[in-house]
Amino acid sequence: MAVEGQMVAAWIWDTLKADAGGSGVNTLVGGRIYRDIVPQAAALPAITITLVSHVDENTVGGRRVFAVTLTDVRVVGDGSGYQNAVAGRVDTVLQNAAGVKSGVTIVELRRDGVQAFIESESGKTYSHVIQTFRTEAYG
Amino acid sequence: MIGKTGVTIRIVSNRLPQIADAIKPAVANEVKKATLDIEAKAKAKVPVLTGTLRRSIHSVFSNGDMTGTVGPSVVYGKFIEFGARGRAARPYMRPAAEAVLPGFASAVKRALSGLK
């Protein structure tokens, strides 16, 4: 038994952390890649990975075949300039990527959409670029 | 010698216009059902503090009810869905859509196959 969606998110985290070359994602954000939330004290830019949706596909007989998952990869930046270079590298690394995590097979990531917005909080401004990746997964 | 062959088709009954007229309401009905289902599921899933965000989730129909749009009207709805600087995302719209949309195509198919 496996929680496929959680494994997809964990595998994305592993994959982005492993992209550690000169222009790699991990290098571009100084290693600041987190699940769900950027710690208050952390510098920016940073990346969060969040499981958005996990829908099981079952046979008529109730046997689970696979899960369809959506995962957000969000690049948070300081100020109103979008971190497009980092987001672009994330897309390069993840689009069409496939793998295995803890016995769960991640079939193939495809980007489903991109959102971008500016947040103002207590006189400070932050930019967010969010890419949503879809994949089937089974374990 | 070359022979001549031919087929003559005589239409004795043509229900195509009536079926064409029935397609749009049938599809519009499924669009409405799916949209309202997404709205209901989003309202069930959205985190509630004061209830303002939940109350703001609503559906709008356009294009002769062939298009359904559902979402919140409060500005901070996107910060809950996608997260903010120091806050984790708590998606409520996309999980609702993901739960409903896989059944939409087959519901439309069923509705159309019932047209006679």
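Our subject is the structure listed above.
Computed from a predicted model, the values in this text were never measured in an experiment.

(A) Main features of the pairing of strand β1 (residues 58-62) of chain B. All names here are of chain B. In this sheet, strand β2 (residues 67-71) lies alongside β1 in antiparallel orientation, the contact comprising five bridges. Residue pairing in the sheet places Phe61 in a bridge with Gly68 of β2. Counted along the chain from β1 to the antiparallel partner β2, the turn is four residues long, and its residue Asn63 has a positive phi close to 55°.

(B) View of the pattern of salt bridges. Counting across every chain of the model gives 15 salt bridges over all chains. Glu136 of chain A is paired through a salt bridge with Arg110 of chain A; the nearest N and O atoms lie 3.0 Å apart. Residue Glu136 of chain A is located in strand β7 (residues 124-138), and its partner Arg110 of chain A is located in strand β6 (residues 110-121); the two are separated by 26 residues in the primary sequence. Accessibility expressed as a relative area gives 26% for Arg110 of chain A, which makes it partly exposed. When salt bridges that share partners are traced, they join Asp72 of chain A together with Glu81 and Arg94 of chain B into one network.

(C) Representation of the interface of chain A and chain B within the structure. At the interface, 26 residues of chain A touch 15 residues of chain B. Summed over both sides, the interface between chain A and chain B buries roughly 1,700 Å², with carbon and sulfur atoms accounting for 57% of that surface. The tally of links from chain A across to chain B stands at three salt bridges. Here Asp72 of chain A and Arg94 of chain B are joined by a salt bridge, their closest N and O atoms 2.7 Å apart. On the surface where chain A and chain B come into contact, there are eight residue pairs in polar contact (both at pLDDT 80 or more). Across the side of chain A that touches chain B, the residue classes tally to 14 nonpolar, six polar and six charged.

(D) Fine view of the packing of aromatic side chains. Evaluated as defined, the whole model comprises two aromatic pairs over all chains. Ring centres of Phe117 of chain A and Phe82 of chain B lie 6.2 Å apart, and the angle between their planes is 50°; this geometry places the pair in the tilted category. Separated into two different chains, Phe117 of chain A in strand β6 and Phe82 of chain B in helix α3 (residues 77-82) make up a pair that spans both. The burial state of Phe117 of chain A is the same as that of Phe82 of chain B; both residues are buried.

Here is what the cut-offs are and how they apply
- Residues numbered from 1 in each chain as written.
- Chains lettered and ligands numbered in written order.
- Predicted model: local features only at pLDDT ≥ 70, side-chain atom pairs only at ≥ 80, totals over all residues.
- Heavy atoms only, no water.
- Pairing = 2+ DSSP bridges.
- Helix = DSSP H or I, 4+ residues; strand = E, 2+ residues; numbered from the N terminus.
- Salt bridge = Lys/Arg side-chain N within 4 Å of Asp/Glu carboxyl O.
- Buried < 20%, exposed > 50% of the residue type's maximum accessible area, 1.4 Å probe, protein only.
- Contact = heavy atoms within 4.5 Å.
- Buried area = accessible area lost by both parts, 1.4 Å probe.
- Polar contact = N/O pair within 3.5 Å; in protein donor to acceptor, adjacent residues only side chain to side chain.
- Nonpolar A, V, L, I, M, F, W, Y, C, P; charged D, E, K, R; others polar.
- Phe/Tyr/Trp six-rings, centres within 6.5 Å; stacked < 30°, edge-to-face > 60°.

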